[in-house]
Structures are given as C-alpha cells and as structure tokens.
Amino acid sequence: MGDRDDRVAIGRRVQRLRAERGMTQRQLAEPAYTPAYISTLEAGRVRPSDEALRHLAERLGVGYEELATGRPARLATDLRLRLTEARRTLATDGAEQAAGQYTELLAEAETHELPEERAAALLGLGECAVETGELTSGRQYFERAEQCLTDAGAPLPARVPALRGRALAHYLAGELRYAVYLLETTLDELNRGGLHDPDALLLLYASAIGPYMDMGAHARAAQAAELALSLAPSAGDPALVARMHRSVARTLLAEGRLAEADASIAKAAELYRTLQLRTELANCHWMRGYVCAQNGELRRAEEEMREALGMLSATRAALYSSQVAVELADVLHRRGKSEEAAELLHGVLDDLSSERGAVHSAGAHRLLGIIAEDGRDTEAAEEHYVRALSLLERAGAAGDLADLCRLLGDLLRRTGRVEAALDAYRTGLGHRTAPGTTTLGPAPAQPPL
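A quick note: this is a predicted structure, and the numbers were derived from the prediction, not measured.

1. Description of the overall build of the chain
Across its full length, the chain carries 23 helices and zero strands. Expressed as a percentage of the 449 residues in the chain, the buried residues total 50%. Summed over all atoms, the accessible surface of the chain reaches about 20700 Å², with 49% contributed by carbon and sulfur.

Listed below in structure tokens is the structure:
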C-alpha cells in the first residue's frame, strides 16, 4: 500500500470509529491535538505519527494495531492459535479435515495481509495434499509458501519446511535427481553458512534417505540416517506439552494478554511441528531395516520395518505406509513368508502408481514377479516385470533397473526367447556403468554435531 493510500485508509478508519461512538472531532482531539488536525487526518491529507495513533486508539477504545492496519487486535494471535489446531488435526484426525481448516485460515490471512500466517496455511495445505497423494497440488502449495516467506524476508531455516515439501513432492512423483538437488543444495547453504538449526537439518537429512536409496547411493543414505538420528533427541514427544501451551494461550487470549498468548502459541506450534517428525523418524527405522536386510539380519530387518510401518500408519500417512510395506514384503519373502508378502503387496498396489511412489510401485511388481516365478507362473511373472521396467525407466532408478533387466532376461531365456532376453540384458548393462553409485557429485557439507 502506498503512503497516500495508507493515509486515506487510516483517515477513513478514524472517521468511521469516531462516528460509531458519537464523538465530535474536538472530543477525539483533546487534550493533545486540535479539531483541525483531526479534520486534516480524516481527509487523508496527513499520516498520524505513532504517538498520535496511540492517543487516537486510546480515545476510540481500540488497539493501536487495529487502528493502524484495520486488523482486529486479536486477529493475528487468533489465526496462529487456529493454525496450531489445524496442525494438530493433521497429526491426529487426518488430512481431509485439516485441509478444510487450512483453507479457511489461508483466506483470512490473505484478506488481512499476514504473510507468515499465509505461508503457514499454504504449508499445511501442501502437507495435506501430499498425504492424500495429490502431489502436483502439494508441490504448488509448497512453492507458494516458499515464495511468501521469501517475499517477507524470512531466513533460510524458516523456509526449510517449504523447500523440503517441494523436494518430497518431486521425489514421490519419481523425479529423484531434482528432489536430491533441492535437499542437498539447501543442506549445503545451511551448513556452509553456519545456520545449524537442528530441526531444519533433521528434516532435510531424514527426507534425503528415500531418494538416496532409490538412486543407489546407499552409503550416502546411511550417513544421512545416522545424522538424522543423532539430531532426533532434541525433538522428543511433545504432544502433552504442546496441549498445555495451547490451553494456556487460550486463557491468556481471553484475558487480553496478547503478547503472552502469542509466546505460548509459538511454543505449542513449534512442538506440534516436531510431531510431523514422526514420519521422518519412521524413515530412519525404515533405513535401519533396509541395512539389516542387506546384511542378512532378516529378523531385525522385519522388526525395524514393522516399527516404521506402525509409526506411519498411526499418522495416516498412506503413501509412505505403502512404500515401507513393499520393502517389508521383500523381507517377509526372504524369510519364507511369501504368501504374507504377496497379500501385503496386493493390498498396497492401488496406493502406488507412476506419478505416486513410482519406485516402490515397481518394487511391488518386481517382487510379485519373483513370487509368481517361484510358483511357476511365468506369464504372470513376465507381466509384473514388464510393468516394473516401465515404472523404473520413467523414474531413472538406475540400480533397480539393472537388477530388473537381469530378472526379466533370465525369465525370457528360460522360456526360449533368447533374442528378447539379450535385449533385456543390454538394457540392464546400460545402467551398470558405475554400480552402486550415482552422478550426484560431492556430498553436502555436514553440521558440527
């Protein structure tokens, strides 16, 4: 708003409030100002000083902020309290209900030009969209939240949840390299710039585990998991403390103690934000399960993955639950529980697709193909392998592609289709130029732990 528009808006506001209270210009002006000054101010020809605004606000019986901006005195505080409640709804009651709350809050924050509250509402809508699998909408919400914070001059740690949200949406859509690029460049900027915010770092390192694994960068994934777990103790289980702060804030708000209410709401919001880290900590259990499976410790791998699946199911994170279920099914198959594994896979395939968990959708088809081969159903096995191949080619998951081409080639060779088998092997060899590595470049800088 320009200076002239600001003057006019304040003048009209003063005139409206004065008229509503039946006051004359002289009554409003006394004892510090003159009726002529009030007339000039109401006409929008002068912008009152802060001192004059405080005098007028006291005479009119309104808050300074309401008179200066037009926003009700308790609006920002009330919005922050309701944003905290919406986050709680997302953590406990699911994304659909929370999305309705966030939509209302976004409209109010935009109407009253509150950038921080607007960004928080957009971030919440992005989280809701990702949990329900609407990845394009989620990415767009995260981008808008990031831009809103950037325009408001927010520091990088404050923008990390939005950046991580963007990376997550790209990852779940199968765009692995771009997801890793976003996460690693943000980690580098934080660590090299000395911005060692534990919550931001934990969020980024834990979020990098999935794309690292899918790209074959296992050593980097393991390192990210260890860094995340070393940062995790600072999060704890904040639900009870957050609820206390929220209740205190409501009491303080009712008593008109806005600054204290704001402080209490901020504490509750921060604690509720860490509740979302349950998903990230589940990823760490998931990663540990994977490492155990690679080392042949299948019993422990099953325990870790069941722990991850339980944590993810508790937060109703359907897409993540489906992904860890695929890897749990692989462990179950290797432990001789193929029937249970197949049942688990068929139960989650509807939640996965080429645009939604592409790599794990391919993994589910790959494992179902192996189980079908074990049962001598080569036709079903080939169908699953071909579907998996299509998904992996789109996602660019090189390590998994090479392994799948070997499986498909072996199947084709055993059924007498030698030329087709050779084509499959050649396709796989094209993705084996550097086994176990990626073209990610140098690892991101590490924080001082």
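2. With respect to the packing of helix α10 (residues 156–172) against helix α12 (residues 198–214)
Look at α10 against α12: their axes get within 10 Å of each other, and the N-to-C directions meet at 15°. The angle between the axes of α10 and α12 places the two elements in the roughly parallel class. With respect to the hand of their crossing, α10 and α12 are arranged in left-handed fashion. Contact residues: α10 offers Pro157, Val160, Pro161, Arg164 and Tyr171, while α12 offers Ala200, Leu203, Leu204, Ser207, Gly210, Pro211 and Asp214.

3. Considering the packing of aromatic side chains
When we look at a pair of aromatic rings, we describe it by the centre distance and by the angle of the planes. One pass over the full model with this rule turns up two aromatic pairs. Ring plane angle 20° and centroid distance 5.2 Å describe the contact between Tyr33 and Tyr37, whose orientation is recorded as stacked. A relative accessible area of 22% places Tyr37 in the partly exposed class. Ring centres 5.8 Å apart and planes at 25° place the aromatic pair Tyr178 and Tyr181 in the stacked group. With Tyr178 and Tyr181 both in helix α11 (residues 176–192) and three residues apart, this pair spans about one turn of that helix.

4. What about unusual backbone geometry?
Note: most peptide bonds trans; most residues except glycine with negative phi. Glu30 connects to Pro31 through a cis peptide bond whose omega is 0°. Position of Pro31 relative to the elements: it lies in the loop between α2 (25–29) and α3 (35–42). A positive phi angle, near 65°, is found at Arg376, a position not held by glycine. Here Arg376 lies in the loop between α20 (358–374) and α21 (378–395).

5. Things to note about helix α23 (residues 418–429)
Over its twelve residues, α23 extends 16 Å from the first C-alpha to the last, a length consistent with the 16 Å expected when each residue adds 1.5 Å. Every buried residue of α23 is accounted for by Ala421, Ala424 and Gly428. In an axial view of α23, the angular spread of the buried residues amounts to 60°, which keeps them on one side of the axis. Opposite the buried face of α23, at more than 90 degrees from it, the exposed residues are Glu419 and Leu429.

6. What about the environment of Glu393?
With respect to the helices, strands and loops of the structure, Glu393 is situated in helix α21. Leave out the neighbours within four places in its chain, and Glu393 touches Leu401 and Thr427.

7. What about the side chain of Arg166?
With respect to the helices, strands and loops of the structure, Arg166 is situated in helix α10. For Arg166, a relative accessible area of 12% corresponds to the buried category. For Arg166, the residues in contact, after removing those within four places along its chain, are Arg139, Phe142, Glu143, Glu146, Tyr178 and Leu182.

8. Regarding the pattern of salt bridges
A complete count under the given rule lists 23 salt bridges for this structure. Close ionic contact of Arg16 with Glu20 constitutes a salt bridge, the shortest N to O distance being 3.2 Å. Remark: Glu20 and Arg16 occur in helix α1 (residues 3–20); sequence separation between them is four residues, near one turn of the helix. On the accessibility criterion, Glu20 (53% relative accessible area) is exposed.

9. Considering the confidence of the model for the chain
Overall, the prediction assigns the chain a mean pLDDT of 79, with 78% of residues at 70 or greater. Averaged over each element, pLDDT in the chain is lowest for helix α14 (residues 239–254) (53) and highest for helix α9 (residues 135–151) (94).

10. Observations regarding the nonpolar core
The biggest cluster of nonpolar side chains holds 89 residues, and the ones touching the most others in it are Tyr102, Leu172, Leu190, Tyr205, Ile209, Tyr212 and Leu345. Contacts of Leu190, omitting those with residues within four sequence positions, involve Leu156, Pro157, Val160, Leu195, His196, Ala200, Leu201 and Leu204. Membership of the second largest hydrophobic core comes to 18 residues, among which are Leu389, Leu404, Cys405 and Leu407.

11. Digging into the environment of Glu304
Locating Glu304 in the fold gives a position in helix α17 (residues 298–314). For the pair Glu304 and Trp286, spaced 18 residues apart in the sequence, the C-alpha separation amounts to 6.3 Å. When neighbours within four sequence positions are excluded, Glu304 is seen to be in contact with His285, Arg288 and Gly289.

12. Comments concerning α20
Over its 17 residues, α20 runs 24 Å from end to end, which matches the ideal 24 Å to within 8%, given 1.5 Å per residue. The buried fraction of α20 is high, at 14 of 17 residues. Directly beyond the C-terminal end of α20, a positive phi value near 65° is found at Arg376.

13. Quick notes on the packing of helix α7 (residues 95–111) against helix α8 (residues 115–131)
At a minimum axis separation of 8 Å, α7 and α8 run at an interaxial angle of 155°. In terms of orientation, α7 lies roughly antiparallel with respect to α8. Viewed along their axes, α7 and α8 form a crossing whose handedness is left-handed. Across from Ala95, Ala98, Ala99, Tyr102, Thr103, Leu105, Leu106, Ala109 and Glu110 in α7, the residues of α8 making contact are Glu117, Arg118, Ala120, Ala121, Leu122, Gly124, Leu125, Cys128 and Glu131. Tallied by class, the residues present in the contact of α7 with α8 amount to twelve nonpolar, two polar and four charged.

Definitions and limits used
- The residue numbering used here restarts from 1 in each chain and proceeds along that chain's sequence as written.
- Under the rules for a predicted model, residues below a pLDDT of 70 receive no local features and side-chain atom pairs below 80 are neither given nor counted, while totals for whole chains, interfaces and linings still include all residues.
- With hydrogens and water excluded, all non-hydrogen atoms of the structure serve as input to the side-chain values.
- Labels follow the DSSP assignment, with helices taken as runs of H or I lasting at least four residues and strands as runs of E lasting at least two, numbered in each case from the N terminus.
- Working definition: with a 1.4 Å probe on protein chains only, accessible area under 20% of the residue-type maximum means buried, over 50% means exposed, and in between means partly exposed.
- The Shrake-Rupley method, run with a 1.4 Å probe, gives the accessible areas here. Residue values count only the displayed protein chains as cover.
- For every element, the axis is a line fit to its C-alpha atoms; helices are fit only across the contacting stretch, and the angle between N-to-C directions ranges from 0 to 180 degrees.
- Roughly parallel means an angle under 35 degrees; roughly antiparallel, over 145; roughly perpendicular, 65 to 115; everything else is oblique.
- Left-handed describes a crossing whose near helix is turned anticlockwise from the far helix by less than a right angle; the clockwise case is right-handed.
- Contacts: residue pairs with any heavy atoms within 4.5 Å of one another.
- Paired rings are identified among Phe, Tyr and Trp, the last through its six-membered ring, by centres lying within 6.5 Å, and are further divided according to the angle between planes into stacked (under 30 degrees), edge-to-face (over 60) and tilted (the rest).
- Given a helix with a known number of residues, its expected span is that number minus one, times 1.5 Å.
- Arc, as used here, means the arc of the directions from the helix axis to the C-beta atoms.
- The working definition used for a salt bridge is a side-chain nitrogen of Lys or Arg within 4 Å of a carboxyl oxygen of Asp or Glu.
- Confidence of the prediction at every residue is given by pLDDT, a number between 0 and 100.
- We define the nonpolar core as a collection of buried residues of types Ala, Val, Leu, Ile, Met, Phe, Trp, Tyr and Cys that are connected through side-chain atoms lying within 4.5 Å of one another.
- As a working rule, the residues Ala, Val, Leu, Ile, Met, Phe, Trp, Tyr, Cys and Pro are called nonpolar, Asp, Glu, Lys and Arg charged, and the rest polar, with Gly in that last group.

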